[in-house]
Amino acid sequence: LAKEYLLVQKTGYALEVTSEPSGARVYIDGTFRGTTPVRNLELENNTGTMRVRKDGYGYKDVRLSLSSGPNRQHVKLEQQTFRLTLKSDPEGAQVYLGGRELGTTPVTRSLSPGSYQIRITKEGYQTQNVSIQLDKDLEQSYTLATAVQVSVQIKVRPKAIVFLDGQQLREVPPTLNLDVLAGQ
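A brief look at the structure comes next.

A few words on the packing of aromatic side chains. Applying the stated criterion across every chain yields a total of one aromatic pair. Aromatic side chains tyrosine 27 and phenylalanine 32 sit 5.6 Å apart centroid to centroid with 65° between the ring planes, which places their arrangement in the edge-to-face category. Given the relative accessible area of 22%, tyrosine 27 is considered partly exposed. Geometry around tyrosine 59 places arginine 51 over its ring, the cationic atom sitting 3.8 Å from the centre. The ring of tyrosine 96 carries the charged tip of arginine 119 above its face, separated from the ring centre by 4.3 Å.

So this is what it looks like as structure tokens:
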């Protein structure tokens, strides 16, 4: 009994793709082919364009010219940052980013993409709290309103506990008169 075997010669090109950081998406000529590290990627053509992309890091394009043996490509991606510029009228306001002091207006910093809580404060002016989404270079200007001093009268029952700006006041009389800045 004779058996016939058909041998098929493999005509593809082998590619291994790694990246720093790992977990980047790999596209060959626009088609998604895996997430790094990608091992044993078989390609029919020895030329093409590879795009390696990771959120927060942008992308890098590489022209491929593969040989018949094993081919390796390592791509280092740079962390993406955007420029944030904050201005105020009047200038010289303190800017806080998530509770950390960022500087005095006008201030410019390069930051990673994301959502941020910004606080802008200046003595004699109302504090502004804003949320921003940084997904491109951004310049924002804020006009600070003059803080108005107001008188507040608080009437309390005996032995009441009164807090002002998170601090407990001692020995509160039945009627307490305070001068405070509006909005504070």
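Once that is clear, we can look at the environment of arginine 83. Positionally, arginine 83 belongs in strand 8 (residues 82-89). In this structure the C-alpha to C-alpha distance between arginine 83 and aspartate 137, which are 54 residues apart in sequence, comes to 4.7 Å. Look past the residues within four positions of arginine 83 in its chain and what remains in contact with it is Thr108, Arg109, Ser110, Leu134, Lys136, Asp137 and Leu138.

Within this structure, the stated rule accounts for six salt bridges. The residue aspartate 55 makes a salt bridge to arginine 25 at a minimum N-O spacing of 3.7 Å. Placement of the pair is aspartate 55 in the loop between strand 5 (47-54) and strand 6 (58-65) and arginine 25 in strand 2 (residues 25-28), with a sequence separation of 30 residues. On the accessibility criterion, aspartate 55 (60% relative accessible area) is exposed. Overall, the relative accessible area of 25% leaves arginine 25 in the partly exposed class. Two residues, aspartate 61 and arginine 51, come together in a salt bridge whose shortest N-O distance is 2.7 Å. Of this pair, aspartate 61 sits in strand 6 while arginine 51 sits in strand 5; the two residues are ten residues apart in sequence, bridging distant segments of the chain. Residue arginine 51 is classed as partly exposed on the basis of its relative accessible area of 29%. Overlapping salt bridges, with partners in common, bring together Glu16, Arg39 and Arg72 in one network.

The sheet built from four strands is open, its strands ordered 10-9-12-13 with antiparallel pairing. The open sheet is flanked by strand 10 (100-104) and strand 13 (128-134), the only strands paired with a single partner. Shown here is a sheet whose adjacent strand axes are inclined to one another by a mean of 30°, direction ignored. Bridge count between strand 12 (residues 114-121) and strand 13: seven bridges; the pairing is antiparallel. Residue pairing across strands places glutamine 117 opposite serine 131, the latter belonging to strand 13.

Moving on, we get to the side chain of threonine 105. Tracing the backbone through its elements, the reader meets threonine 105 in the loop between strand 10 and strand 11 (107-111). Only 2.6 Å separates the side chain of threonine 105 from the side chain of serine 88, close enough to count as a polar contact. Residues within four places of threonine 105 in sequence aside, it is in contact with Leu86, Lys87, Ser88, Pro90, Glu91, Gly92, Ala93 and Val95.

Moving on, we come to the nonpolar core. Counting residues in hydrophobic clusters, the biggest one holds 18 residues, and the most contacted among them are Leu84 and Ile118. Those elements that provide at least two residues to this core are strand 8, strand 9 (94-97), strand 11, strand 12, strand 13 and strand 14 (138-143). In contact with leucine 84, other than residues within four places in its own chain, are Val107, Thr108, Arg109, Leu111, Ile118, Ile132, Leu134 and Leu138. Core analysis: the next-biggest nonpolar cluster, separate from the first, contains 15 residues, Leu15, Leu43, Met50 and Val52 among them.

Another aspect to go through is the pairing of strand 5. Here strand 2 runs beside strand 5; their pairing, made up of four bridges, is antiparallel. Counted as the bridge partner of isoleucine 28 is methionine 50 from strand 5. Pairing geometry for strand 5 and strand 6, over eight bridges, is antiparallel. Bridging across to strand 6, methionine 50 finds its partner in valine 62. In this structure, the hairpin formed by strand 5 and strand 6 is closed by a connection of three residues, where glycine 56 is found at a positive phi of approximately 85°.

Cut-offs used in this document
Residues numbered from 1 in each chain as written. Predicted model: local features only at pLDDT ≥ 70, side-chain atom pairs only at ≥ 80, totals over all residues. Heavy atoms only, no water. Phe/Tyr/Trp six-rings, centres within 6.5 Å; stacked < 30°, edge-to-face > 60°. Buried < 20%, exposed > 50% of the residue type's maximum accessible area, 1.4 Å probe, protein only. Lys NZ or Arg CZ within 6 Å of the ring centre and 35° of its normal. Helix = DSSP H or I, 4+ residues; strand = E, 2+ residues; numbered from the N terminus. Contact = heavy atoms within 4.5 Å. Salt bridge = Lys/Arg side-chain N within 4 Å of Asp/Glu carboxyl O. Pairing = 2+ DSSP bridges. Axes fitted to C-alpha atoms, helices over the stretch in contact; angles between N-to-C directions. Polar contact = N/O pair within 3.5 Å; in protein donor to acceptor, adjacent residues only side chain to side chain. Core = buried A, V, L, I, M, F, W, Y, C linked by side-chain atoms within 4.5 Å.

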